[in-house]
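A closer look at the structure
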Amino acid sequence: MENTIPTLEEFKELVKEKYLNPEWIVPEEEQLRYFDDEEAQQTMAQEYEEIVENFNEGRFDLDFFKEGEASRVAYLLFLMYE
């Protein structure tokens, strides 16, 4: 995953690293339950498609893809968590 676009599965792992937050009041087990839920998985897949498209159009570099966009999607999931 060094100089290539992360696959969807690799991207999900990047998001997961940023999503799991020990400062949440919610236990990690509950965070993972939502992360693995169909809604969250679908959201990550949709966001990933848009991110790849934007990357291919040159809107940002690979580092931003891996860091900035993964962080953004993790935060989106945090906001969606009910």
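The structure we're discussing is the one just above.
The sections below set out a description of the structure shown in this document.

Scoring rules and cut-offs
- Residues numbered from 1 in each chain as written.
- Predicted model: local features only at pLDDT ≥ 70, side-chain atom pairs only at ≥ 80, totals over all residues.
- Heavy atoms only, no water.
- Core = buried A, V, L, I, M, F, W, Y, C linked by side-chain atoms within 4.5 Å.
- Buried < 20%, exposed > 50% of the residue type's maximum accessible area, 1.4 Å probe, protein only.
- Helix = DSSP H or I, 4+ residues; strand = E, 2+ residues; numbered from the N terminus.
- Contact = heavy atoms within 4.5 Å.
- Phe/Tyr/Trp six-rings, centres within 6.5 Å; stacked < 30°, edge-to-face > 60°.

Overview of the nonpolar core
- Counting 21 residues, the largest nonpolar core has Phe 11, Val 15, Tyr 19, Phe 65 and Leu 77 as its most contacted members.
- Listing elements by their share of this core, those giving two or more residues are α1 (8–19), α2 (28–35), α3 (38–56) and α4 (62–80).
- Among residues more than four places away in sequence, those in contact with Phe 11 are Pro 6, Tyr 48, Ile 51, Phe 65, Glu 69, Ala 70 and Val 73.

A word on the environment of Val 73
- Mapped onto the secondary structure, Val 73 falls in helix α4.
- In this structure the C-alpha to C-alpha distance between Val 73 and Leu 14, which are 59 residues apart in sequence, comes to 9.8 Å.
- Discounting residues that sit within four places of it in the chain, Val 73 has contacts with Phe 11, Val 15, Met 44, Glu 47 and Ile 51.

Details of the packing of aromatic side chains
- Counted by the stated rule, this structure contains 10 aromatic pairs.
- With centroids separated by 5.6 Å and ring planes inclined at 90°, the aromatic side chains of Phe 55 and Phe 65 adopt a geometry described as edge-to-face. Separated by 10 residues along the polypeptide, Phe 55 in helix α3 and Phe 65 in helix α4 bring together distant segments of the chain. With respect to burial, Phe 55 and Phe 65 carry one shared label: buried.
- Aromatic pair Phe 60 and Phe 64: ring centres 5.3 Å apart, planes at 55°, arrangement tilted.
- In this structure Phe 60 comes out as buried when scored by relative accessible area, which is 16%.
- Following the ring pairs from residue to residue traces out a cluster consisting of Phe 11, Tyr 48, Phe 55, Phe 60, Phe 64 and Phe 65.

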